[in-house]
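In case you want the letters, here they are:
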Amino acid sequence: MRTDLSIIERWIKPGSHVLDLGCGEGILLDYLQREKQVTGFGLEINQEHITTCMARGVSVIEQNLDTQGLGNFEDQSFDVVLMTQALQAVRRPDLVLDEMLRLGREGIVTFPNFAYWRLRWYLMHKGRMPESETLPYKWYNTPNIHLCTFKDFEALCQRRNFRIKNRTVVDGEHQDHWFSRLWPNMLGQIAIYRITREEEEL
Amino acid sequence: MPDSLPPDSVGVVTPETLHFNAPIKLTCGQALPAFDLVVETYGTLNSDASNAILICHALSGDHHAAGYHSMTDRKPGWWDSCIGPGKPIDTSRFFVVSLNNLGGCNGSTGPCSINPETGKAYGPDFPVITVQDWVQSQALLADRLGIDCWAAVVGGSLGGMQALQWSLSYPDRLRHAVVIASTPRLTAQNIAFNEVARKAIISDPEFHGGRYYDTHVIPQQGLMLARMVGHITYLSDASMGEKFGRELREQAYKFGYDAEFQVESYLRYQGERFSESFDANTYLLMTRALDYFDPAYEFDNDLAKAFGQARCEFLVLSFSTDWRFTPKRSEELVNAMIAARCRVSYAEIDAPWGHDAFLIPTPRYTDIFTSYLDRVGREVSA
């Protein structure tokens, strides 16, 4: 399993009820179901991925976050709402984050850091929109329509009164390195945030 | 008729009539003293009876879901596209059971059967049957076949309602419910279409209050009309448009009221054929069963509360152009299941054929159906 997924896995309590937004082929949910007796659903729009989930025994719902929203889910009906590598691809990341914390007591989000030093270097050196292994698309047909930096994300969390419970940064191979922890916004390639609503802690 | 049987056909099959000698109490309060169910089975039941799949038919279906009754049959069973060796419901792994429901007109006890009390056909005296009653009778059938727990109960449309009802009536007797192109309850518009169909039948002068068997006539015009109106709701505007457009049977308008457009003659042909083979009282009964189905009713109209009873896992499928039971209706089901924390998977399949799409294999439909049931098979080591 990818390192980011194994980090997420450590943050999820056994028996939790989990919603995975953009669950892909259901690898994480499948693992959580088997190893941690987790229940829950994945949302996905990729047809092949949906079929793979069904073949795996992962409960998957065909639902588009952008066009259908999450209005069909009840308030605080999940322990954890996950979204790995999809925040940058939705139309309104801020609203999706709001919704995540309406449905779940806790949200776990991963996304690529646009302030990663290689991307900064690419932009400065070439003067063109960065392309990399994590961001392999041309600017005009990329699914990643809302790229942000760790600082941007944390500013949004502050604005919305989200509390950041944990933050981990990993590199493109999803490895956890001491030096990326040192200066995450410059050296971290992918961030994993665990957030909750501020009020909850009061 | 096939010259030779395709390798993925279940081949030539023979229905069997099973007699049930104990009275069955029905939702309406009445009871049937005894009843028959006509059944077809495909494949082999394994030693622990864990590989059985129940097929529930829709309004006009019957027990003949797959294969041929003889080598001279023009067409195979109604769901032959999905049932057979290597097909989504793989008969080389599963033991598949398909029956004609109670109240039907293809051999199971129904309005055209003889009422033991009078020695005449039941006709209008046959009690109104509900989806719950069907499921109850199917559970008795399962007992008879030695099946404690179905690997899956599968159905489209009205058949999907039976699969849903199974999950509520006998939560521990099925592992999976596959609910295709179905709905948690009919809308006013759905009931309205059923009412038009019933009114067409009942107002046919040959209906004789449902006792037409005694006079050896059938309300053919009424049944034909009922089927014509029903048939329109099974197709989509686009699929009808593609099939017929405004095509005329002959070159020019004739300025009369005979069937001039191709679509008219198609509907008349479908209606006529249907009216020759289906029983009008059964049609009334089936449409009423549709109208009454409403599992939330007993749970304060809270569908999620109803699904609180369910223990099985669900696969719900809808079709993009189905306007009889739209994807929205399936989503209602799914949302209630999510709220009840049932295990459920859902997909909306893009298909142009309206409600009938559940009978027509398309790549995505077949892939999903095959993958899901493959896992069901692995679970029960089939």
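Our subject is the structure listed above.
So, a few notes on the structure that sits alongside this text. (Residues numbered from 1 in each chain as written. Chains lettered and ligands numbered in written order. Predicted model: local features only at pLDDT ≥ 70, side-chain atom pairs only at ≥ 80, totals over all residues. Heavy atoms only, no water.)

**With respect to the interface of chain B and chain A**
Step number 1: At the junction of the two partners, chain B supplies 21 residues and chain A supplies 20 residues.
Step number 2: Both faces considered, chain B and chain A share a buried interface measuring about 1,700 Å² in area, 52% of it formed by carbon and sulfur atoms.
Step number 3: Three residues stand out in chain B for area buried against chain A, namely Ile338(B), Arg341(B) and Arg364(B), and they jointly supply 31% of the buried area on that side.
Step number 4: For the pair chain B and chain A, the interface holds one salt bridge.
Step number 5: Between Glu62(A) and Arg364(B) there is a salt bridge whose closest N-O contact spans 3.1 Å. (Contact = heavy atoms within 4.5 Å. Buried area = accessible area lost by both parts, 1.4 Å probe. Salt bridge = Lys/Arg side-chain N within 4 Å of Asp/Glu carboxyl O.)

**Concerning unusual backbone geometry**
Step number 1: Although it is not a glycine, Gln37(A) adopts a positive phi angle of roughly 50°.
Step number 2: For Gln37(A), the position within the fold is in the loop between helix H2 (27-36) and strand E2 (39-44).
Step number 3: Accessibility expressed as a relative area gives 52% for Gln37(A), which makes it exposed.
Step number 4: With a phi close to 45°, Ala181(B) is a non-glycine residue in the positive phi region.
Step number 5: On the basis of relative accessibility, which here comes to 1%, the residue Ala181(B) falls in the buried class. (Helix = DSSP H or I, 4+ residues; strand = E, 2+ residues; numbered from the N terminus. Buried < 20%, exposed > 50% of the residue type's maximum accessible area, 1.4 Å probe, protein only.)

**Regarding the environment of Cys53(A)**
Residue and element names in this part refer to chain A.
Step number 1: Relative to the elements of secondary structure, Cys53 occurs in helix H3 (residues 47-56).
Step number 2: Spatially, the C-alpha atom of Cys53 lies 5.4 Å from that of Glu25, the residues being 28 residues apart in sequence.
Step number 3: If near-sequence neighbours (up to four positions away) are discounted, Cys53 is found in contact with Cys23, Gly24, Glu25, Gly26, Val58 and Val60.

**Some points on helix H2 (residues 158-169) of chain B**
Residues and elements named next belong to chain B.
Step number 1: For H2, spanning twelve residues, the distance from its first C-alpha to its last is 16 Å, which sits close to the expected 16 Å at 1.5 Å a residue.
Step number 2: Burial runs high along H2: eleven of the twelve residues are buried.
Step number 3: Considered for burial, the residues of H2 that qualify are Leu158, Gly159, Gly160, Met161, Gln162, Ala163, Leu164, Gln165, Trp166, Ser167 and Leu168. (Expected span 1.5 Å × (residues − 1).)

**Topic: the nonpolar core**
Residue and element names in this part refer to chain B.
Step number 1: Residues Trp79, Ile180, Phe307 and Phe314 are the most contacted members of the largest nonpolar core, which totals 164 residues.
Step number 2: In terms of residue count, the dominant contributor to this core is helix H7 (residues 280-292) (seven residues).
Step number 3: Formed by seven residues, the second largest nonpolar core is a distinct cluster that contains Met224, Met228, Met240 and Tyr266. (Core = buried A, V, L, I, M, F, W, Y, C linked by side-chain atoms within 4.5 Å.)

**Brief notes about the pairing of strand E8 (residues 95-99) of chain B**
Residues and elements named next belong to chain B.
Step number 1: With respect to burial, E8 is a largely interior element, five of its five residues being buried.
Step number 2: The alternating pattern of E8 places Phe95, Val97 and Leu99 on one face and Val96 and Ser98 on the opposite face, and all of these are buried.
Step number 3: Pairing of strand E4 (residues 35-42) with E8 involves four bridges; the strand directions are antiparallel. Pairing of Tyr42 across the sheet is with Val96, part of E8.
Step number 4: The pairing of strand E5 (residues 52-56) with E8 spans four bridges and is parallel. Looking at E8, one finds that Leu54 is bridged to Val97. (Pairing = 2+ DSSP bridges.)

The values reported here are purely geometric and, on their own, carry no functional implication.
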